[in-house]
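# Descriptive analysis of the structure
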Amino acid sequence: NSGCWLMVKQRSMFGASYSKLWVVIGQKGNFYVFKTPDNQHPEFEFSLKDCIVSEVKDGKHPNMFELIRDQKPVFKASAPSLNDREAWMDGFRTAMSAMLQPDFTKAADSESSSKTS
């Protein structure tokens, strides 16, 4: 899967900071965050289920967007350019809409049932 470098907001016990991380939107309604494109295992994986994507106005970090679930931001990132931000927001919206399609739901159900057998 192709990805892109984004400045991703991360929280720690010392506060919030931004790290340059490689982000990939997956085929099955998830996205993955890696330290580098060569990493085999993501730093974290996140489901897009029940999320919405929104632009963020931030004077310090241009081209920001966030994913919101249950009215709370769960992922914030800054794209390299306005065009990149729009492309990422469209990509997330496309992935979220695909999760609502009947074929996607059937595929996800059969995949989870085959893992439990």
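All values derive from a computational prediction rather than experimental measurement.

Okay, the packing of aromatic side chains next. Applying the stated criterion across every chain yields a total of eight aromatic pairs. Pairing F65 with F75 gives two aromatic rings, centres 6.4 Å apart and planes at 55 degrees, and the pair type is tilted. Here F65, found in strand β6 (residues 64–69), pairs with F75, found in strand β7 (residues 72–78); they are ten residues apart in sequence, far enough to count as distant. Classification of F65 as buried rests on a relative accessible area of 0%. Joined through ring pairs, the aromatic side chains of F31, F46, F65, F75, W88 and F92 make up one cluster.

All right, on to the pairing of strand β3 (residues 30–34) then. The buried fraction of β3 amounts to five of the five residues, a majority that puts the element mostly inside the structure. Side chains N30, Y32 and F34 of β3 all project onto a buried face; the interleaved residues F31 and V33 project onto the opposite face, where all are buried too. As paired elements, β3 and strand β4 (residues 44–47) share four bridges and run antiparallel to each other. Across the sheet, V33 pairs through a bridge with F44, a residue of β4.

Attention now moves to unusual backbone geometry. In this model, D50 sits at a positive phi of 65 degrees, which is unusual for a non-glycine residue. Looking at the secondary structure, you find D50 in the loop between β4 and β5 (51–56).

For the structure on display, the rule yields five salt bridges. A salt bridge links K57 to E55, with the shortest nitrogen-to-oxygen separation between them at 2.7 Å. According to the relative accessible area criterion, E55 is partly exposed, its value standing at 34%.

Further remarks concern the pairing of β7. Across six bridges, β6 lies against β7 in antiparallel orientation. Bridge assignment links E66 to a residue of β7, and that residue is K76. Hairpin remark: β6 followed by β7, antiparallel, with two residues in the connecting loop; positive phi at D70, about 55 degrees.

Conventions adopted
Residues numbered from 1 in each chain as written. Predicted model: local features only at pLDDT ≥ 70, side-chain atom pairs only at ≥ 80, totals over all residues. Heavy atoms only, no water. Phe/Tyr/Trp six-rings, centres within 6.5 Å; stacked < 30°, edge-to-face > 60°. Helix = DSSP H or I, 4+ residues; strand = E, 2+ residues; numbered from the N terminus. Buried < 20%, exposed > 50% of the residue type's maximum accessible area, 1.4 Å probe, protein only. Pairing = 2+ DSSP bridges. Salt bridge = Lys/Arg side-chain N within 4 Å of Asp/Glu carboxyl O.

Interpretation note: all reported values are geometric properties and have no functional meaning in isolation.
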